[in-house]
Amino acid sequence: MIGDSVYGGSKMESAPRNIEVKPLSSSTMLITWEPPETPNGQVTGYKVYYTTNPNQPEASWDSQMETNDMTTISELTPHAIYTIRVQAFTSMGAGPLSNPVQVKAQQGVPSQPSNFRATDVGETAVTLQWSRPTHSGENIVHYELYWNDTYANEQHHQRIPNTETYTLSSLYPDTLYYFWLSARSQRGEGATTPPIPVRTKQYVPGAPPRNVTVEATSPTTINVSWLPPPVERSNGAIVYYKVFFVEVGRSDSEATVTTLNSTSIVLDELKRWTEYKIWVLAGTSVGDGPRSYPYTVRTHEDDT
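Every value quoted in this text rests on a predicted model; they were computed, and no experiment measured them.

Analysis parameters
- Counting restarts for each chain: residues are numbered from 1 in the order of the written sequence.
- Totals for whole chains, interfaces and linings use all residues, but because this is a predicted model, local features are given only for residues with pLDDT of at least 70 and pairs of side-chain atoms are given and counted only at 80 or more.
- Calculated side-chain values reflect all of the structure's heavy atoms, with hydrogen atoms and water omitted.
- For helices the rule is a DSSP run of H or I covering at least 4 residues; for strands it is a run of E covering at least 2, with both sets numbered from the N terminus onward.
- For every residue, the accessible area obtained with a 1.4 Å probe (protein chains only) is divided by the maximum for its type, and the residue is called buried under 20%, exposed over 50%, and partly exposed between those limits.
- Throughout this description, a polar contact denotes any pair of N or O atoms lying within 3.5 Å of each other; where both atoms belong to protein, one of them has to be capable of donating a hydrogen while the other can accept it, and for residues adjacent in sequence the pair is counted only when both atoms sit in side chains.
- Here, residues are in contact when the closest pair of their heavy atoms is within 4.5 Å.
- A pair of strands is treated as paired once DSSP finds two or more bridges between them.
- Where helices are involved, their axes are fitted lines through C-alpha atoms of the stretch in contact, as for all axes, and angles between N-to-C directions lie from 0 to 180°.

## Looking at the side chain of Thr 83
Topologically, Thr 83 is positioned in strand 6 (residues 81-90). Note on Thr 83: relative accessible area 3%, which makes it buried. Of the polar contacts made by the side chain of Thr 83, one reaches the side chain of Gln 102; its length is 3.1 Å. Excluding residues within four positions of it along the chain, Thr 83 makes contact with Tyr 49, Tyr 50, Thr 51, Pro 54, Trp 61, Pro 100, Val 101 and Gln 102.

Laid out in structure tokens, this is it:
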């Protein structure tokens, strides 16, 4: 083994790759990896970091030095979940740390699924894909999918079949979710993937503007005002409103439409002592939401 000395100089350009961890028992693990793709010189050794508390800085993790691209760590806490990172050294100094890998110290449980990602994101559904764990993947009985949403602020869990893709539906539009996944064998559940963030797409509003008020203010003007749709039914940012008005007795298709981004308008140049039907809708970048209830109001007969 190489001594744990301090190196100076510049960092390497890339980290060790394809870190794989296989529990040999409930207290021992075999860790293997591949050298950096673009090392800054000849690799002279590796440092393997491991911990059950990955929120602490790496300097406080347990570690050991190796000259080869594999090592065994022992005296682990049975059934604890360990986070592992590997760093390469050259004569120029220490390179960057690899991406963290998590594994449970228990023989026979699967390692983490890999390449966990969202492949299709809609307004209310997300399709997730992943690759089978590299160890004990042949013994998987099902997967455990976890997610939380930043709208209802709730955490959810669903057991899903032994597959490598799954579409989750009944989600909220325009909402940030975090998803993470683990595999389960008959021996137990393995470590989860790191959470991945996914924001569902916006959708058209699910409700019309609220508290629409219409008031004739002269023989030729009507004031119209409203409040935005309820936040929980906006389905995204409201970017415009449309106000429709038409003389009573005429078809809705003949209505005059005004698009604006405020919540009030004065309709002018109207006919004296005439009934108008007025309604409002809100829209996101996706399109129009439902129209409000139509309100009828008559302009004044004279200016008094």
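## With respect to unusual backbone geometry
Positive phi, close to 50°, is recorded for Asn 18, a residue that is not glycine. Along the chain, the position of Asn 18 falls in strand 1 (residues 17-23). Not every positive phi belongs to a glycine, and Glu 269 is a case in point at roughly 60°. Turning to its location among the elements, Glu 269 is positioned in the loop between strand 21 (264-267) and strand 22 (275-283).

## Focus: the sheet that holds strand 17 (residues 210-216)
Strand order in the open sheet formed by three strands is 17-18-21, and the pairing between neighbours is antiparallel. Both outer strands of the open sheet, strand 17 and strand 21, are each paired with one neighbouring strand and no more. This sheet shows a mean twist of 15° between the axes of neighbouring strands, independent of strand direction. Taken together, the four bridges between strand 18 (residues 222-227) and strand 21 define a ladder with antiparallel strand orientation. When the bridges of strand 21 are listed, Ser 225 appears paired with Ser 264.

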